[in-house]
Amino acid sequence: MIDTPSLVDQYCHGVLRTELGLGTFEAQLARTEGPPAPGTTLFDTQTGFAVRRWCPPLLGLEPHCPPASYLARRRELGVLEAGRRLLRGSGITTYLVDTGLAGDLTGPDEMASAGAAEAREIVRLELLAEQVADTSGTVESFLANLAESVHGAAANAVAFTSVAGVRHGLALAPEPPGAGEVRGAAGRWLAERRVGGELDDPVLLRHVLWIAVASGLPLQLHAGLGEPRSRIDRTDPVLLTDFVRATAGLGTDLVLLHGYPYHRQAAHLAGVFPHVYADSGAALVRTGVRAAGVLAEILELAPFGKILFSSGAHGLPELHVVGASLFREALGRVLGMWVAEGAWSLGDAQRVAGLIATENAVRVYGLGD
């Protein structure tokens, strides 16, 4: 029996505060640009089946109950009580929350209260830059305010996160852009941008990444599967190799989030570079009953002190439950098999489980400080 009594969810989002109908609930289960195949629903996915397996018992229902019955029970309890039961039933004891998504989502304090857990904030760099742009009248004020805002955020945040891979791709030039290059890019972007416009300029994306590197906080980089509109071929973490080399020795850890289907590449980078870490959790939510196979592939290459758990959950507290449950089951299955085969001792398996579930994240993010 591999025991993981507590989990640090190193990357997630808040949950929706509003009641959801069948259609709006399903829309949170899969990131898709259109409806499901005729005659099916988005419950007909590995994620949907995992929700039906792990979540109904936390609301007093049998596993695998029909979606309509589950949602009826959810509405009966109300969004606050259902969320409280689900989050507290997940076994997650610390949430690191990316507050950079739009929508009526709970923040770290609400996540901590609902989940009877600790919670800290992760600051999304691109949103921070966009907020600065909304209130800066000139290029000079924008650049000065951006540097000041990143520095100020570092005082309270536990990490920075970037979606440069989603916005542009991970094949960014690795070196910091020059001052003239940054001013020119900022001038063009601000002149063309409307209030609320997204940051997608490659020069400014590099600039804000390097400001974050200078802060010394861990920097999370999204890789692999992401938003439906992103090109997955541009999010292979191998494309970050030159940036990884350029940041070596500067005192900032890089955490490669999500990764799947490039999780082996992320694990390889974590094995080669001392300041690189690989995420093991969010990929499991997508793969459901195949989660143990994916986790085993990460464990093939990444040192065990370089792998961290996350749920990657967004919107539904069910996804926090699924992320934690699939991770625990996959970890127990993989490590348990190796113990049963005599390849590992039970003590070593338990120690590695503790590293991945909790201890690595505590060390990387300074949660014990």
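The numbering scheme is per chain: residues are counted from 1 as the chain's sequence reads. Only residues with pLDDT of 70 or above have their local features reported here, since the model is predicted, and side-chain atom pairs are shown and tallied only from 80 upward, although totals for entire chains, interfaces and linings are computed over all residues. Based on all heavy atoms of the structure, the side-chain values leave hydrogens and waters out of the count.

Novice: I'm lost on the overall build of the chain in this one. Help?
Specialist: Only DSSP runs of H or I covering at least 4 residues are called helices, and only runs of E covering at least 2 are called strands; the numbering of each starts at the N terminus. Across its full length, the chain carries 16 helices and 8 strands. The C-alpha radius of gyration computed for the chain amounts to 21 Å, which stays within 12% of the reference 21 Å derived for 369 residues, consistent with globular compactness. Based on the C-alpha atoms only, the size of the chain along its principal axes is roughly 60 × 50 × 40 Å. For each residue, the accessible area found with a 1.4 Å probe, counting protein chains only, is set against the maximum for its type, and the residue is called buried under 20%, exposed over 50%, and partly exposed in between. Considering the chain as a whole, with its 369 residues, one finds that 54% of them fall into the buried category. Any pair of residues with heavy atoms lying within 4.5 Å of one another is described as a contacting pair. Counting contacts in the chain only where the partners sit at least 6 residues apart, residues at least 24 apart contribute 76% of the total. Note on areas: these come from Shrake-Rupley sampling with a 1.4 Å probe, and a residue is covered only by the protein chains present in the view. Counting only carbon and sulfur atoms, one obtains 54% of the accessible surface of the chain, whose full area is about 15,300 Å². As defined in this context, the radius of gyration uses C-alpha atoms, and a globule is described by 2.2 Å times the residue total to the power 0.38.

Novice: How should the sheet that holds strand E3 (residues 118-124) be read in this particular structure?
Specialist: Working definition: the strands of a sheet are paired by backbone hydrogen bonds and lie parallel or antiparallel to each other. With parallel pairing, the 8 strands of this open sheet are ordered in space as E1-E2-E3-E4-E5-E6-E7-E8. The outermost strands of the open sheet, each flanked by one partner alone, are strand E1 (7-12) and strand E8 (307-308). Note that E1 and strand E2 (residues 92-98) share 4 bridges and pair parallel. Residue pairing across strands places Val 8 opposite Thr 94, the latter belonging to E2. Only the stretch in contact is used when a helix axis is fitted, and all axes are lines through C-alpha atoms; the angle between N-to-C directions ranges over 0 to 180 degrees. Its contacts with the sheet put helix H6 (residues 125-134) on E3, strand E4 (159-162) and strand E5 (219-223), and the angle it makes with E3 is roughly 60°. Helix-sheet contacts for helix H10 (residues 202-215) involve E4 and E5, and the interaxial angle to E5 is about 140°. A strand pair is defined by DSSP finding two or more bridges across the two strands.

Novice: I'm lost on the packing of aromatic side chains in this one. Help?
Specialist: Classification of ring pairs rests on two measures: the distance between centres of Phe, Tyr or Trp rings, Trp counted by its six-membered ring, which must be within 6.5 Å, and the angle between planes, read as stacked under 30 degrees, edge-to-face over 60 and tilted in between. Applying the stated criterion to the full structure yields 7 aromatic pairs. Ring centres 5.8 Å apart and planes at 10° place the aromatic pair Phe 25 and Phe 43 in the stacked group. Of this pair, Phe 25 sits in helix H1 (residues 22-27) while Phe 43 sits in the loop between H1 and helix H2 (46-54), and the two are 18 residues apart along the sequence. As far as the burial class goes, Phe 25 and Phe 43 line up, both buried. Between Phe 142 and Trp 189, the ring centres sit 5.8 Å apart and the planes meet at 55°, which makes this aromatic pair tilted. Of this pair, Phe 142 sits in helix H7 (residues 139-154) while Trp 189 sits in helix H9 (residues 179-192), and the two are 47 residues apart along the sequence.

Novice: Honestly, the pattern of salt bridges in this entry has me stumped. Any pointers?
Specialist: Proximity of charged atoms lets side chains of opposite charge pair with each other. What counts as a salt bridge is simple: a side-chain nitrogen of Lys or Arg found within 4 Å of a carboxyl oxygen of Asp or Glu. Applying the stated rule across the entire model yields 18 salt bridges. Between Arg 206 and Glu 175 there is a salt bridge whose closest N-O contact spans 3.7 Å. Here Arg 206 is found in helix H10, whereas its partner Glu 175 is found in the loop between helix H8 (164-167) and H9, with 31 residues between them in sequence.

Novice: Looking at this model, I keep getting lost on the nonpolar core. Mind explaining?
Specialist: As a rule of thumb, soluble globular proteins bury nonpolar side chains together. If you look at the biggest cluster of nonpolar residues, it comprises 110 residues, and the most contacted ones within it are Tyr 95, Phe 142, Phe 160, Leu 219, Phe 243 and Leu 335. For this core, the element with the highest residue contribution is helix H15 (residues 317-340), accounting for 11 residues. With residues up to four places along the chain from it excluded, the contact list for Leu 335 reads Ile 2, Leu 299, Trp 344, Ala 349, Val 352 and Ala 353. As used here, the term nonpolar core means buried Ala, Val, Leu, Ile, Met, Phe, Trp, Tyr and Cys residues forming a set that is joined through side-chain atoms within 4.5 Å. With 13 residues, the next largest nonpolar core counts Val 8, Tyr 11, Ala 159 and Val 255 among its residues.

Novice: Where do I start with unusual backbone geometry in this structure?
Specialist: Glycine aside, residues mostly have negative phi angles, and peptide bonds mostly take the trans form. A cis geometry characterises the amide bond from Tyr 260 onward to Pro 261, with omega recorded as 5°. By the secondary structure assignment, Pro 261 is in the loop between strand E6 (254-258) and helix H12 (263-272).

Novice: Whenever I open this one, the environment of Leu 146 confuses me. Can you help?
Specialist: Structurally, Leu 146 can be placed in helix H7. By relative accessible area, Leu 146 is classed as buried at 2%. Each C-alpha atom, one on Leu 146 and one on Leu 125, is 9.8 Å from the other, the two residues being 21 residues apart in sequence. Contacts of Leu 146, omitting those with residues within four sequence positions, involve Ala 129, Val 132, His 207, Val 208 and Ile 211.

Novice: Mind showing me how you'd approach H9 here?
Specialist: Along an α-helix, residues three or four apart share an orientation, since each turn contains 3.6 residues. Expected span, for any helix, means 1.5 Å times one less than how many residues it has. With 14 residues, H9 should cover 20 Å at 1.5 Å per step; its first-to-last C-alpha distance of 20 Å lies within 8% of that length. Burial in H9 covers these residues: Val 182, Ala 185, Ala 186, Trp 189 and Leu 190. Buried residues of H9, seen end-on, are gathered within an arc of 125° and therefore sit on one face of the element. Residues Ala 191 and Glu 192 are exposed on H9 and point more than 90 degrees away from its buried face. Of the surrounding elements, those touching the buried residues of H9 are H6, H7 and H10. In this description, the arc belongs to the directions extending from the helix axis to the C-beta atoms.

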